[in-house]
Amino acid sequence: HLPHPALGADLGGQVVVRPSQDSAAEPQQSAYLSLQPRSLAKVSLDSRSASQLSAGERVTIGLRQTSQSWGRRLLNLWNEYLQQLATQAGLIETAKR
């Protein structure tokens, strides 16, 4: 479901939609589903920036550029997790002695 009905093409928005068979999870959600790939993000804004936007207004946000691929990031996160487990296991063994 769209987070706000005004985003759907049925109400003049830019997102191509079709009627949903399911009821919306939130009362303010549209009764239509997006037919376009999309990502939802919640962004905290300062009061000055927030006052310049209307409810349901679409915006474009940019993500910080990085030289690491998603695969490399996941591999690094997995490696960090395994290192934490090894450290915890070592601490437990030391405490048992």
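Residues numbered from 1 in each chain as written. Predicted model: local features only at pLDDT ≥ 70, side-chain atom pairs only at ≥ 80, totals over all residues. Heavy atoms only, no water.

Novice: With reference to specific residues and values, describe the overall build of the chain.
Specialist: Looking only at helices and strands, the chain features two helices and two strands. Ordered by position in the sequence, the α and β elements of the chain form the string β-β-α-α. Every one of the 97 residues in the chain was classed for burial, and the buried ones make up 8%. Nonlocal contacts in the chain, meaning residues at least 24 apart in sequence, comprise 34% of its contacts between residues at least 6 apart. Total accessible area on the chain stands at roughly 8500 Å², and carbon and sulfur atoms take up 53% of it. (Helix = DSSP H or I, 4+ residues; strand = E, 2+ residues; numbered from the N terminus. Buried < 20%, exposed > 50% of the residue type's maximum accessible area, 1.4 Å probe, protein only. Contact = heavy atoms within 4.5 Å. Areas by Shrake-Rupley, 256 points an atom, 1.4 Å probe, with all protein chains shown as cover.)

Novice: Summarise the packing of aromatic side chains; cite the residues concerned and give the values.
Specialist: Counted by the stated rule, this structure contains one aromatic pair. With a centroid separation of 5.6 Å and 35 degrees between ring planes, the pair formed by Trp78 and Tyr81 is classed as tilted. Of the two residues, Trp78 and Tyr81 both sit in helix α2 (residues 70–96), three residues apart, roughly one turn of that helix. For Tyr81, a relative accessible area of 41% translates into the label partly exposed. (Phe/Tyr/Trp six-rings, centres within 6.5 Å; stacked < 30°, edge-to-face > 60°.)

Novice: How would you summarise the side chain of Ser34 if you had to cite specific residues and measurements?
Specialist: With respect to the element layout, Ser34 can be found in strand β2 (residues 32–34). Using a relative accessible area of 19% as the deciding quantity, one classes Ser34 as buried.

Novice: Any chance you could break down the confidence of the model for the chain for me, citing the residues and the numbers?
Specialist: The predicted coordinates ought not to be read in detail in places where the model reports low pLDDT. Taken residue by residue, the chain gives an average pLDDT of 80. The fraction at 70 or more is 85%. Within the chain, α2 carries the highest mean pLDDT (88), whereas β2 carries the lowest (80). (pLDDT = per-residue confidence, 0-100.)

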